[in-house]
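# Commentary on secondary and tertiary structure
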Amino acid sequence: MDDSTNIIDIKGIGEKTAKLFGKLNINDVGGLLRNYPRDYETFKEPVMISDAPAGEICSVRACLAGNIAAKKVRNLTILNFEIRDAGGQIFMTYFNTSYVKSMLKKGLFYIFRGIPLKKGGRFVMEQAKIYKPEEYFKLTGVMQPRYSLTAGLTNNMVTKAVKQALAHYRFGEDYLPEEIRETQQLISYGQAIEDIHFPKDFEEMLIARRRLVFDEFFLFLLALRKCKEHNEVLQNIYPMVEVAETKRLIEALPYALTGAQKRVWEEIRQDLQGEKVMNRLIQGDVGSGKTILAFLSLLMCVSNGYQGAMMAPTEVLARQHFEAASKLTAKYKLPFVPMLLTGSMTAKEKREAYEEIKSGRANLVIGTHALIQEKAEYKNLALVVTDEQHRFGVRQRETLAGKGENVHVIVMSATPIPRTLAIILYGDLDISIVDELPANRLPIKNCVVSTDYREKAYRFIEKEVQAGRQVYVICPMVEEGELEGAENVISYTEKLKSALPSKIQTAYLHGKMRPADKNQVMEEFAKRNIDVLVSTTVIEVGINVPNATVMMVENAERFGLAQLHQLRGRVGRGEHQSYCIFVSGSDKKQTMERLDILNHSNDGFFIAGEDLKLRGPGDLFGIRQSGIMNFKIGDIYQDTDVLKRAKESVDALLLRDEKLEEDGHLPLKLYMDEALNSVDFRTI
Ligand SMILES: Nc1ncnc2c1ncn2[C@@H]1O[C@H](COP(=O)(O)OP(=O)(O)OP(=O)(O)O)[C@@H](O)[C@H]1O
């Protein structure tokens, strides 16, 4: 059994389960083994109720004390009952969880596992997991992996599949050269894969994780070097001249460009008129005004008679950019002919779009990754604006080259990474920083609260909506059960509807919805037909609704500061005062201290720096923290030291053997060639 073995060839996996794995983009054994746990659960010995730590996951051994009361609120069935042990009692609450009633028998002991919270002077637990004692004690003593799931696929099914795969997997020769493994004190790839799924303890998991994070950064940086060599020789075959349209647009805007925007715009103009192809990163804090710079660049391109394209990581954002470009075109009579191209369009719509693009009539193509992958052909594509999720690497460049020779590229990034990291991670690009927020911005007012505060928060939300504003509420999970003790969008939306007046329109959005449904919800929100949008972090990147002034983040302790800052950046984008409420499910001192940084700063670069300082090597907020830059397991904030060591190793390796021709480097060369041609290395 090896990476290419089809998932259905694993014992115990049939057609139906293989389809469920397919939903998680896991189709072969390689994908299954590289689908790293998102977290681990350690099932500790149950404690007495009187010793249960408030705000932290724990297990208690108790029995039903009295009857299970059920009440219906709109389409929500709420169960309430009490459990007792010799040391005290806890009041239990379940939402839409019918099995509980049939499961619990009076007089029998069960293990209840969840997060006890103090509410109104008594201990409460919501949605606790229930185990029979004999089941529970089988799980204690080892770290149980927790995987990302999808409806119908349980954690148990994934765990069993990984166990089966490992039992029959044949690891080939380790592609990482021996001298690097020794210098960096890294375990073998095979050992790392085994231990990342089933570590005997936290220490062993960290050692395994370090090898896998090193590999991810090492391969990324090695490929980056290939990009840099590739880019350096590209001549500018689309010379451009200054055009009146851009000057006219800048003067017509309802605001003056900030000094930083003016500086970056000058750098872009120089590039587009220069000898070499532009490969430029525009890095700026959330809400700093990067999008208008993209439009100005595309306007210069189009006004010089060429075509431009703008890629977004999600359909929702692509539509937002398309609407914005269409509005700008109509309002300021610009020479854009915008065309939207996304994966969820019908075949007929795509055919028509391809025709418009190929003929050159559509001179501004906006879409998701589809616009460089699908069959779209361009007449004279000269500039692509993309984002850090899709930045071009060796493979994407080849795809892109098929769309247009020596295309100018702008990568937009809202990731406030310190310059030292940016130089490493964007080594193939020139870097422009938009380090200034528009003058009219009111600093966002923040507060970090416990779950007790929810009722007050809902009253505040009600007041803001009555004043004509809109609200985001973020939950880490889509549906019940994905992550122990975390809020999920679907049941939270029901709870919120019952807590707010019925005239307030509340809806939810998450990444597993059909694209058409997601677009519909975002359009309704942008048109103010939805007042409160409950979402997962899928809205994190780029969504711009200036009328939204409240961002409430549930389980804030489960997010990195950089990600919380990105989420906060979805508000404070207009002239109204905005607010951010971080609800922490844990009142641990360290958690509150970390979240408190957000209370004292709205500057993404400062926050990222503080986040780095706060995190020690063993300080793991879940196996990987931020979806930033699409790394599967590496986190550029918590693994900065590994990133720097990977960079040193790449530099030393290429200094000694630039073409990887030495015998000991052949497995790496083969792996790199294969990886760059087969795996969709979005960031490579
Ligand atoms: N110089 C400026 N003065 C005032 N408002 C501005 C300025 N530049 C942009 N804006 C407005 O600020 C809002 C945010 O701008 P934009 O969406 O470009 O930010 P961004 O940097 O792309 O943020 P994100 O990274 O979150 O997408 C928009 O409504 C835009 O019209």
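The model shown is predicted, which means the values in this text are computed figures rather than measured ones.

This part covers the overall build of the chain. Looking only at helices and strands, one finds 24 helices and 23 strands in the chain. Radius of gyration (C-alpha) of the chain: 26 Å, near the 26 Å computed for a compact globule of 684 residues. Counting only C-alpha atoms, the chain reaches 85 × 70 × 50 Å along its principal axes. When burial is assessed residue by residue, the chain has 57% of its 684 residues classed as buried. Here the contacts in the chain between residues at least 6 apart in sequence split such that 74% fall between residues at least 24 apart. Just so you have it, the chain exposes about 28700 Å², and 53% of that area is on carbon and sulfur atoms. Averaging the positions of the 91 positive and the 91 negative side-chain charges in the chain gives two centres separated by 7 Å.

This part covers the nonpolar core. Grouped together as the largest cluster of nonpolar side chains are 74 residues, with contacts concentrated most on Tyr472, Met551, Val553 and Leu564. Here this core gets ten residues from one element, more than from any other, and that element is helix H11 (residues 290-303). Both domains that meet at this core, namely domain 2 (233-434) and domain 3 (445-619), each give it at least three residues. In this view, Tyr472 contacts Phe525, Leu533, Ile539, Ile543, Val545, Ala548, Val550, Met551, Met552, Arg570 and Val571; residues no more than four positions away in its chain are not counted. By size, the runner-up hydrophobic cluster in this structure holds 71 residues, among which are Ile10, Leu32, Val411 and Leu421.

Here we come to the side chain of Glu315. Along the polypeptide, Glu315 turns up in helix H12 (residues 315-332). It is Arg319 that comes nearest to the buried, bridge-free Glu315 among opposite-charge side chains, at 4.2 Å. Ignoring sequence-local partners within four residues, the contact set of Glu315 consists of Thr342, Gly343, Ser344, Thr368, Pro515 and Asn519.

Next up on the list: the packing of aromatic side chains. All chains considered together, the criterion is met by 14 aromatic pairs. Measuring from centroid to centroid gives 4.4 Å for Tyr169 and Phe171, while their planes differ by 55°, and the two rings are tilted. Residue class for Phe171 comes out partly exposed when judged on its relative accessible area of 27%. Site record: aromatic cluster; members linked through ring pairs are Tyr169, Phe171, Tyr175, Tyr189 and Tyr671.

Attention now moves to the packing of H12 against helix H19 (residues 515-526). Two elements in contact, H12 and H19, have axes whose closest approach is 9 Å; the angle formed by their N-to-C orientations is 50°. What the angle tells us is that H12 and H19 run oblique. Classified by chirality, the crossing of H19 by H12 is right-handed. Touching Glu315, Val316 and Arg319 of H12 are Pro515, Lys518, Asn519, Met522 and Glu523, all from H19. When grouped by side-chain class, the residues that make up the contact of H12 with H19 number three nonpolar, one polar and four charged.

Pairing between the strands of a sheet is mediated by backbone hydrogen bonds and can be parallel or antiparallel. In spatial order, the strands read S18-S23-S22-S19-S21-S20; together these six strands make up an open sheet with parallel pairing. Of all strands in the sheet, those bounded by a partner on one side alone are strand S18 (445-450) and strand S20 (506-509). Within the sheet, the average angular offset between the axes of one strand and its neighbour, ignoring direction, is 20°. The sheet contact formed by S20 and strand S21 (residues 532-535) spans four bridges and is parallel. Bridge pairing in S21 places Ala507 opposite Leu533.

Side chains three or four residues apart in an α-helix point the same way, a direct result of the helix having 3.6 residues per turn. In this model, H11 (14 residues) spans 20 Å end to end at C-alpha, consistent with the 20 Å of a helix rising 1.5 Å per residue. Along H11, the residues that are buried comprise Lys290, Ile292, Leu293, Ala294, Phe295, Leu296, Ser297, Leu298, Leu299, Met300, Cys301 and Val302. Positive phi shows up at Gly305, right after H11, with a value of about 90°.

Okay, the sheet that holds strand S16 (residues 408-413) next. Within the open sheet, the seven strands sit side by side as S13-S14-S12-S15-S16-S11-S17. Their pairing is parallel. Each edge of the sheet is formed by a strand with only one pairing partner; in this case those strands are strand S13 (338-341) and strand S17 (430-434). Going across the sheet, the axis of each strand differs from the next one's by a mean of 20°, ignoring polarity. Both strand S12 (residues 307-311) and strand S14 (residues 364-367) contribute to a ladder of four bridges, which runs parallel. Opposite Met310, over in S14, you have Ile366 as the bridge partner. Here H12 sits on the sheet and contacts S12, S13 and S14; the angle it forms with S13, its principal contact strand, is near 170°. The strands touched by helix H13 (residues 347-359) within the sheet are S12, S13 and S14, with S13 carrying the most contacts at an inclination of about 140°.

Attention now goes to the site of the ligand. In the region of the ligand, 20 residues are neighbours, and Gln261, Lys290, Arg441, Arg570 and Arg573 sit closest. Measuring from a nitrogen atom of the ligand, one finds a side-chain N or O atom of Gln261 at 2.8 Å. Ser288 has a polar backbone atom sitting 3.2 Å from an oxygen atom of the ligand. Coverage of the ligand by the protein chains reaches 87% of its 630 Å² of free accessible surface. Its residues assigned to classes, the shell around the ligand shows six nonpolar, nine polar and five charged. Looking at which domains feed residues into the shell around the ligand, each of domain 2 (233-434) and domain 3 (445-619) supplies at least three.

What follows is about the domain arrangement of the chain. Looking at the chain, the domain boundaries give domain 1 (44-139), domain 2 (233-434) and domain 3 (445-619). Here domain 1 and domain 3 have C-alpha centroids that lie 28 Å from each other. Across the boundary between the two partners, domain 1 contributes 17 residues, which contact 17 residues of domain 3. Summing both sides of the interface, domain 1 and domain 3 together bury roughly 1400 Å²; the carbon and sulfur share of this comes to 48%. The partner of Lys495 in a salt bridge is Glu126, and the shortest N-O contact between them spans 3.6 Å.

Glancing now at the packing of helix H17 (residues 454-466) against helix H18 (residues 489-499). Running from N to C, H17 and H18 point in directions that differ by 70°, and their axes come no closer than 11 Å. By the angle between their directions, the pair H17 and H18 is classed as roughly perpendicular. H17 and H18 meet at a crossing whose hand is right-handed. Contacts between H17 and H18 involve Arg454, Tyr458 and Arg459 from the first element and Tyr492, Leu496 and Ala499 from the second. Residue composition of the contact of H17 with H18, grouped by class: four nonpolar, no polar and two charged.

Once that is clear, we can look at the environment of Thr258. Along the chain, Thr258 turns up in the loop between helix H9 (244-252) and helix H10 (259-272). We classify Thr258 as buried; its relative accessible area is 7%. The sequence separation of Thr258 and Leu654 amounts to 396 residues, and the corresponding C-alpha distance is 42 Å. Residues within four places of Thr258 in sequence aside, it is in contact with Glu436, Leu437 and Pro438.

Another aspect to go through is the pattern of salt bridges. For the structure on display, the rule yields 27 salt bridges. With its nearest N and O atoms 3.3 Å apart, the salt bridge here joins Asp3 to Arg34. Placement of Asp3 in the segment before helix H1 (15-23) and of Arg34 in the loop between helix H2 (29-33) and strand S1 (39-42) is noted, with a sequence separation of 31 residues between them. For Arg34, a relative accessible area of 22% gives the class partly exposed. A salt bridge links Arg454 to Glu554; the shortest N-O distance between them is 2.8 Å. Of this pair, Arg454 sits in helix H17 while Glu554 sits in the loop between strand S22 (548-553) and helix H20 (561-568), placing them 100 residues apart in sequence.

Parameters at a glance
- For every chain, the first residue of its written sequence is number 1, and the numbers climb from 1 along that sequence.
- Where local features are concerned, this predicted model is filtered to residues with pLDDT of at least 70; where side-chain atom pairs are given and counted, the filter is 80 or more; whole-chain, interface and lining totals use all residues.
- By convention in this description, side-chain values take in all heavy atoms of the structure and omit both hydrogens and water.
- Helix numbering and strand numbering both begin at the N terminus, where a helix is a DSSP run of H or I of at least 4 residues and a strand a DSSP run of E of at least 2.
- Within these notes, the globule rule equals 2.2 Å times the number of residues to the 0.38 power, and the radius of gyration is based on C-alpha atoms.
- Here the term buried applies to any residue with accessible area under 20% of the maximum for its type, exposed to any over 50%, and partly exposed to those in between, with areas from a 1.4 Å probe on protein chains only.
- Should any heavy atoms of two residues lie within 4.5 Å, those residues are counted as being in contact.
- A 1.4 Å probe and the Shrake-Rupley method give the accessible areas. Residues count as covered only by the protein chains that appear here.
- In this tally Asp and Glu are treated as negative and Lys and Arg as positive; neither His nor the chain ends contributes.
- Note that the charge is assigned to NZ on lysines, CZ on arginines, CG on aspartates and CD on glutamates.
- Residue types Ala, Val, Leu, Ile, Met, Phe, Trp, Tyr and Cys, when buried and joined through side-chain atoms within 4.5 Å, form a set referred to as a nonpolar core.
- The domain limits used here are those given by an automatic or database domain assignment.
- Put simply, a salt bridge is a Lys or Arg side-chain nitrogen that is within 4 Å of an Asp or Glu carboxyl oxygen.
- Ring pairs are drawn from Phe, Tyr and Trp, using the six-membered ring of Trp, whenever the two centres fall within 6.5 Å, and their geometry is named by plane angle: stacked under 30 degrees, edge-to-face over 60, tilted for the rest.
- Fitted lines through C-alpha atoms serve as axes, helices being fitted only where they are in contact, and the angles separating the N-to-C directions of these axes extend from 0 to 180 degrees.
- Orientation is classified from the angle alone, with under 35 degrees giving roughly parallel, over 145 giving roughly antiparallel, 65 to 115 giving roughly perpendicular, and any other angle giving oblique.
- Crossing chirality is assigned from the near helix's rotation relative to the far helix, an anticlockwise turn below a right angle marking it left-handed and a clockwise turn marking it right-handed.
- Polar here means any residue outside two lists: the nonpolar Ala, Val, Leu, Ile, Met, Phe, Trp, Tyr, Cys and Pro, and the charged Asp, Glu, Lys and Arg; Gly therefore counts as polar.
- DSSP bridges decide pairing: two strands pair if at least two such bridges lie between them.
- Expected span of a helix: the number of residues minus one, times 1.5 Å.
- We call a residue near a molecule or strand when any one of its heavy atoms sits within 4 Å of it.
- For this analysis, a polar contact is any N or O atom pair within 3.5 Å, provided that within protein one partner can donate a hydrogen and the other can accept it, and provided that sequence-adjacent residues contribute only side-chain to side-chain pairs.
- The quantity reported as buried area is the accessible area (1.4 Å probe) lost by two parts once they are put together, taken as the sum for both.

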